[in-house]
Amino acid sequence: TWNELDQETHVANMTEADGDLFGQAVFTGDFNGDGLSDVVVGHPGEAARGNAGAGAFSLFLGSTTSLTPGGAFYQECFGEVSEADDNWGMAFAAGDFNGDGADDIVVAAPTEANASNVTSGSISIRFGISSANCGDGFVGGSEACDDNNTDDDDGCSSTCTVETGWACVGQPSACDGICGDGFVNGTEQCDGDGAGSGGETASCDTNCTAASCGDGDTNATRGEGCDNGLGTTDTAGCNGNSAAAQAASANCEVPTCGDGYVNSASTPLGALGVETCDDSGDSATCNGFDAANPEYACQPSTCGDGYANGADGEACDTSGANTALCNGGTCLLSQCGDTYVNTADGEQCDDGDTSNANACLNSCQWNVCNDGFRRTSSNTGGTDPGFAETCDDGGADGNYGCNNSCNGYGSNWSCSTNCSSTWYGENSPSSCSNNAGQRSRCNCINGYQDNNFNNTCLATCSTASPNCDGTLTNVAYGGINSGACSDSGGVATCVCNSGFSGSTCGTVEWAAVWPIFTSSCSGCHGGDLATDCTLSLGGHCIGNSVSTKAYNQSQLSSYLCSGQTKGGCASSLTDAGGGMDYVNGSTYGTVDRDRTMIDEWVSDGQNN
């Protein structure tokens, strides 16, 4: 089985680079005296200690299973100085030059410069180890490590054993703390809780370095969603650790529109461009994120951008286009009277007022001839088709009232001798009112009118006057016959007194009047009118005592029955109220004051 060895993978603390020439020279020998062959590999082009082409070699120790890395060596390991272009490690030799039973290493540097700066070349020799010699930098015999010293607490003890919590590799041994064991050793800045429990904590990354946003290690325990390792610099997928990001609590978080931090390197999901603002949602100047309309997320709010930003006062946004519901230019809901002409909503004009006498009606249509509205203003230009009108009756009939050009009156405008009936109308009426441009009517006597615009007063009124006294045939207390005609039917109607309604004034609206007028005196206990007679109001006796009943009966009887006999009331009863505004005799006309007094009498001193 062939195994590939390279300096990047198998040599500690070494990084591959062009011109290293790893493997330029290879030699074998038992350099640690354990009876197994070891291998040295030269890389003469290595930039040792920052000196290009100074050279180095790596040692691989033999074992019963495979070669194990034994470390990388520079000239300093041999007490010399690495210089540019020495090409140390270009060739090797091995042999037991001191007779101790272990092979020694000879390393050639063919272009080493002498004191005169002449590239005369040189060789270096390192004697092999025939037995363990702790502190010499070579791991031999029973040594588990050898860091070229006999100090304790540096990973490799004074007896060349690996100390607890450490790991040592190579020759001389390089020792460092074991990251993850929970103890802080070597170059570790931290390790778990530092008391034996390893792993990530809010203050320590998994690589045993102190946790901080921008260190390149995403520490979920401290709440990081990402860490690009670039300090304060933002990337498309991660917010940096700038002061602004910290203020928004968005540092080392995956950028989202609405996190309150403007990441100019990030384009929100579905948006048309990178973030230019972020106010943690909609604001008067910035659009928030809406999954249904993500195109303008975290972009400046403008009417017409297609996103209805309520915080900016927008009720709708149709990308500048007028619709039946939305004004494209204002981003407000379309309504007549808002001064914005939205033709998609059926508007022809919109002057924002309620007048129907100017160019634009309050229905947001042009005021034109024969629309029934007289226009007093001139043409306003543009698409305005109207003009100032003399009259406008809606164009019903150009012969009567206003003509169909709205600039004068029809041939039959003035009243004529058709108004000839002295009963139904006036002869030769003194004037005809144009009624602001509407058709004229004949001047008729009170109660009649020219209903059909034909200069004739309606002659069918009151040919049979209705009975306007409610249900009583002889006493018209409910109303009077006015003789007035309806505009279309030509039928005389009743004018009812207050408290009555209906075609014959027979419906009582004042609750106290009707029962009083229709009831008669009847004794609750034997019919003694003087002490025990009462009126019935809705089936209930008025008053709770004989004196209250008698007083109420006396007052009501005087008001209703004075001077005559009506419904069983005694004709001898007289007015006891004093100063009442009633009419004596056979005809009664009640007035508001009397009704008020009756109401007071009925309710005085009792519960009804």
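A quick note: this is a predicted structure, and the numbers were derived from the prediction, not measured.

**Q** Help me out: how do you make sense of the sheet that holds strand β7 (residues 122-126) in this one?
**A** What holds strands together in a sheet is hydrogen bonding between their backbones, with the strands either parallel or antiparallel. An order of β5-β6-β7 is seen for the three strands of this open sheet, with the pairing classed as antiparallel. Either end of the sheet is taken by a strand with one partner, and the two such strands are β5 (91-95) and β7. Each neighbouring strand pair of the sheet contributes to a mean axis angle of 20 degrees, computed without reference to strand direction. Sheet topology places β5 next to strand β6 (residues 104-109); five bridges connect them, and they run antiparallel. Across the sheet, the residue bridging to Ala94 is Ile105, located in β6.

**Q** Sorry, what's going on with the side chain of Ser266 here?
**A** Its place among the elements puts Ser266 in the loop between α2 (243-247) and β10 (479-485). Discounting chain neighbours no more than four positions away, the residues touching Ser266 are Ala236, Pro255, Val274 and Glu275.

**Q** Looking at this model, I keep getting lost on the environment of Asp151. Mind explaining?
**A** Assignment of secondary structure puts Asp151 in the loop between β7 and β8 (166-169). According to the relative accessible area criterion, Asp151 is partly exposed, its value standing at 45%. Separated by 16 residues in sequence, Asp151 and Gly135 have C-alpha atoms that sit 8.7 Å apart. Beyond its immediate stretch of four places on either side in the chain, Asp151 contacts Cys156, Ser157 and Ser158.

**Q** Can you walk me through the sheet that holds strand β3 (residues 56-61) in this structure?
**A** The strand order across the open sheet formed by four strands is β1-β2-β3-β4, and the pairing between neighbours is antiparallel. Of all strands in the sheet, those with a lone pairing partner are β1 (25-29) and β4 (68-73), marking the two edges. Neighbour-to-neighbour, the strand axes of this sheet turn through a mean angle of 20 degrees, independent of strand direction. Judged from the four bridges that link them, β3 and β4 form a sheet pairing that is antiparallel. For Leu61, the partnering residue across the bridge sits in β4 and is Thr68.

**Q** Looking at this model, I keep getting lost on the side chain of Ser283. Mind explaining?
**A** With respect to the secondary-structure elements, Ser283 resides in the loop between α2 and β10. In this structure, Ser283 is in contact with Asn309, Ala311 and Asp312, ignoring residues within four places of it in sequence.

**Q** Would you mind going over the pattern of salt bridges with me for this structure?
**A** Opposite charge on two side chains permits them to pair, given that their charged atoms come into close proximity. Within the structure shown, the criterion is met by two salt bridges. A salt bridge links Arg222 to Glu224, with the shortest nitrogen-to-oxygen separation between them at 2.7 Å. For the salt bridge of Asp384 with Arg375, the shortest nitrogen-to-oxygen distance reads 2.7 Å.

**Q** What is the right way to look at the nonpolar core in this model?
**A** The nonpolar side chains of a soluble globular protein tend to be buried, and buried together. Formed by 14 residues in total, the largest nonpolar core has its most connected members in Val40, Phe57, Leu59, Trp88, Phe92, Ile105 and Val107. Elements with a contribution of two residues or more to this core: β3 and β6. When residues no more than four places from it in sequence are discounted, the contact partners of Val40 are Ala25, Val26, Phe27, Phe31, Phe57, Ser58, Leu59, Phe92 and Ile105. Counting residues in hydrophobic clusters, the runner-up holds six residues, among them Cys145, Cys160, Trp166 and Cys175.

**Q** Quick question: what am I supposed to make of the environment of Asp350 here?
**A** Along the chain, Asp350 turns up in the loop between α2 and β10. A relative accessible area of 8% places Asp350 in the buried class. Leave out the neighbours within four places in its chain, and Asp350 touches Gln335, Cys336, Gly337, Asp338, Thr339, Tyr340, Val341, Cys360 and Cys364. Looking at Asp350, its side chain comes within polar contact range of the main-chain nitrogen of Asp338, at 3.3 Å. There is a polar contact of 3.0 Å between the side chain of Asp350 and the backbone nitrogen of Thr339.

**Q** Looking at this structure, I do not really get the packing of aromatic side chains. What am I missing?
**A** A ring pair, where both rings are aromatic, is described by two values, the distance of the centres and the angle of the planes. With the rule as written, the count across this model stands at five aromatic pairs. When the ring of Phe57 is compared with that of Trp88, the centres are 5.4 Å apart and the planes differ by 45 degrees; the resulting orientation is tilted. Within this pair, whereas Phe57 is found in strand β3, its partner Trp88 is found in the loop between β4 and β5, the two being separated by 31 residues in sequence. You'll find Phe57 and Trp88 in the same group, each marked buried. Between the aromatic rings of Phe57 and Phe92, the centroid separation amounts to 5.6 Å while the plane-to-plane angle is 80 degrees, which identifies the pairing as edge-to-face.

Calculation rules
Residues numbered from 1 in each chain as written. Predicted model: local features only at pLDDT ≥ 70, side-chain atom pairs only at ≥ 80, totals over all residues. Heavy atoms only, no water. Pairing = 2+ DSSP bridges. Helix = DSSP H or I, 4+ residues; strand = E, 2+ residues; numbered from the N terminus. Axes fitted to C-alpha atoms, helices over the stretch in contact; angles between N-to-C directions. Contact = heavy atoms within 4.5 Å. Buried < 20%, exposed > 50% of the residue type's maximum accessible area, 1.4 Å probe, protein only. Salt bridge = Lys/Arg side-chain N within 4 Å of Asp/Glu carboxyl O. Core = buried A, V, L, I, M, F, W, Y, C linked by side-chain atoms within 4.5 Å. Polar contact = N/O pair within 3.5 Å; in protein donor to acceptor, adjacent residues only side chain to side chain. Phe/Tyr/Trp six-rings, centres within 6.5 Å; stacked < 30°, edge-to-face > 60°.

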